Amino acid sequence: MPRYIDVQAPEQGIQLITLQRPEALNALCTELLAELAEALRAAEHDELARVVIITGDRKAFAAGADISEMAERDLVGILNDPRVAHWQGIAAFSKPLIAAVNGYALGGGCELMMCADIVIAGTDARFGQPEINLGIIPGAGGTQRLLRAVGKPLAMQMVLTGETITARHALQAGLVSEVTLPELTVERAMQVARNIAVKAPLAVRLAKEALLKAADTDLASGLRFERHAFTLLAGTADRDEGIRAFQEKRQARFQGR
Ligand code: DAK
């Protein structure tokens, strides 16, 4: 049984992972990260899991890496840091990942949120990369993913000053996809998850992969990838089902085949 996360399947096709370390504002200690990476690994191989939602609580999505743990790590400890593999596992999750964020999403918390594909934020959410206050820099993709998401000036301002931004500002900057009332973030994430869970799983997977390619490849390569992925889907039963269902004016029933 995991100690720092709760994993539920509230509805068919949807998994809800709740970070549960309120005494430390869901700070991402190594054990929590290991549990999260393991839960995603399990969801990766679970045909019934089509979409995963990650959330925290009202005060914090996650306030970053565990600073007490960091204090105990020297240079060699950092070189052999087991968290690197956990982060890689989380970032490599191939199914849609939705973050429902209330309260603080700081440092590693903001980085975890940026590993998600869709972010629903409560009006009370605050985002930041305050590592600079500790004499360090972001270590789980914060300099790279933040810049790609919000552009250079705001990323520089956030990383160099450690200042936080509001949910409204994050929405304007493209860091989150929607802002809702704090009590509605999980509910709204569930609605979005539901809309994805009924789609053809292979198409969803390739769409995610193609969209992620756009962030780290040139246009010509990205377009080539899209064409290959598009062509690949022509061999799936779900494509036949989708087109047939449209012609027969009924709801498609996708099987992931
Ligand atoms: N780590 C450990 N404990 C934390 C914590 C954190 N990040 N954030 C909060 N806590 C604990 C507090 O110590 C406090 O514990 P007690 O004193 O009650 O035992 C409890 O949570 C409540 O926090 P506060 O009393 O401070 O609550 P406030 O409402 O007054 O303030 C706050 C909330 C979020 C403004 C404040 O807690 C805060 O500034 N927290 C630290 C935020 C921060 O600096 N985060 C960035 C950490 S560095 C890497 C991967 C990732 C990273 C690095 C490397 N590799 C794979 C190499 C990431 C680094 C980081 O995220």
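Rules of the game
- Residues numbered from 1 in each chain as written.
- Predicted model: local features only at pLDDT ≥ 70, side-chain atom pairs only at ≥ 80, totals over all residues.
- Heavy atoms only, no water.
- Patch = residues over 30% accessible without salt bridge, like charges linked within 9 Å, V, L, I, M, F, W, Y side chains within 5 Å.
- Areas by Shrake-Rupley, 256 points an atom, 1.4 Å probe, with all protein chains shown as cover.
- Salt bridge = Lys/Arg side-chain N within 4 Å of Asp/Glu carboxyl O.
- Helix = DSSP H or I, 4+ residues; strand = E, 2+ residues; numbered from the N terminus.
- Buried < 20%, exposed > 50% of the residue type's maximum accessible area, 1.4 Å probe, protein only.
- Pairing = 2+ DSSP bridges.
- Axes fitted to C-alpha atoms, helices over the stretch in contact; angles between N-to-C directions.
- Contact = heavy atoms within 4.5 Å.
- Near = heavy atom within 4 Å.
- Polar contact = N/O pair within 3.5 Å; in protein donor to acceptor, adjacent residues only side chain to side chain.
- Nonpolar A, V, L, I, M, F, W, Y, C, P; charged D, E, K, R; others polar.

**Q** Whenever I open this one, a nonpolar patch on the surface confuses me. Can you help?
**A** A surface patch of nonpolar side chains, about 250 Å² in accessible area, is lined by Ile67, Leu134 and Ile136. Within the element layout of this structure, Leu134 appears in the loop between strand S8 (126-128) and helix H6 (142-150). For Leu134, a relative accessible area of 45% puts it in the partly exposed group.

**Q** Honestly, the sheet that holds strand S1 (residues 5-11) in this entry has me stumped. Any pointers?
**A** To summarise the sheet geometry, strands pair through backbone hydrogen bonds and adopt either a parallel or an antiparallel arrangement. Pairing is mixed across the open sheet formed by 6 strands, whose spatial order is S1-S2-S3-S5-S7-S10. Of all the strands in the sheet, just S1 and strand S10 (178-180) have a single pairing partner and so form its edges. When the angles between neighbouring strand axes are averaged without regard to direction, this sheet yields 20°. Pairing of strand S3 (residues 51-55) with strand S5 (residues 97-101), which is carried by 4 bridges, proceeds in the parallel orientation. From the neighbouring strand, Val52 faces S5, where its bridge partner is Leu97. Sitting on the sheet, helix H1 (residues 30-44) touches S1, strand S2 (14-19), S3 and S5, and the angle it makes with S2 is about 180°.

**Q** Looking at this structure, how should I read the site of the ligand?
**A** Around the ligand sit 25 residues in total, of which Lys59, Ala63, Ala65, Ile67 and Gly108 are the nearest. In the model, an oxygen atom of the ligand is placed 3.4 Å from a nitrogen or oxygen of the Glu23 main chain. Take Ala63: an N or O atom from its main chain is 2.9 Å from a nitrogen atom of the ligand. Look at the ligand: alone it shows 1,100 Å² of surface, and the protein chains cover 62% of it. At the level of elements, helix H2 (67-71), helix H4 (83-91), strand S6 (104-106) and helix H5 (108-115) are the ones that each hand at least two residues to the shell around the ligand. No other element matches H4, which puts 3 residues into the shell around the ligand. Across the shell around the ligand, the residue classes break down as 14 nonpolar, 4 polar and 7 charged.

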